[in-house]
Amino acid sequence: MTTGNSYNYGLYSDPEFDKFIADAKKMPADADRDALLYKAEEALFGEGGFPVSPVYYYTNAYCMKGLSNVGYTSMGYFFLQYAVK
């Protein structure tokens, strides 16, 4: 959601949010960085509104009764190469 980010399709721009994120990127992972990211989250989703809203959620419906060794990837795909009934 930072200004100029190629994944910021809605072209959202907030200098305060951008500063929080830029500062957090320079810090090691610790409580201070977490506090800064919470401030960024408040700037993004606070009183000013909600700049993004999901329109569609991907879902998978499946039945696997009696099937074992079914693989499931982190990308949401099944692979049945080693499936056993």
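Since this is a predicted model, take the numbers as computed values, not measurements. (Residues numbered from 1 in each chain as written. Predicted model: local features only at pLDDT ≥ 70, side-chain atom pairs only at ≥ 80, totals over all residues. Heavy atoms only, no water.)

**Q** I'd like a rundown of the overall build of the chain, residues and numbers included.
**A** When helices and strands are counted, the chain shows two helices and two strands. Moving toward the C terminus, one meets the helices and strands of the chain in the order α-α-β-β. Here the C-alpha radius of gyration of the chain, 20 Å, is well above what a compact globule of 85 residues would show, namely 12 Å. Each of the three principal axes of the chain carries a C-alpha extent, and together these read 55 × 30 × 25 Å. Looking at the chain as a whole, 16% of its 85 residues are labelled buried. Pairs at least 24 residues apart make up 16% of the contacts formed inside the chain by residues separated by at least 6 positions. (Helix = DSSP H or I, 4+ residues; strand = E, 2+ residues; numbered from the N terminus. Rg over C-alpha atoms; globule rule 2.2 N^0.38 Å. Buried < 20%, exposed > 50% of the residue type's maximum accessible area, 1.4 Å probe, protein only. Contact = heavy atoms within 4.5 Å.)

**Q** Talk me through the packing of aromatic side chains; I want residue IDs and the actual numbers.
**A** The tally for this structure, following the rule as stated, stands at three aromatic pairs. An angle of 75 degrees between the planes, with centres 6.4 Å apart, marks the rings of Y12 and F17 as edge-to-face. The residues Y12 and F17 share a single accessibility class, namely buried. Measuring from ring centre to ring centre gives 4.8 Å for Y72 and F78, while their planes differ by 55 degrees; the resulting arrangement is tilted. (Phe/Tyr/Trp six-rings, centres within 6.5 Å; stacked < 30°, edge-to-face > 60°.)

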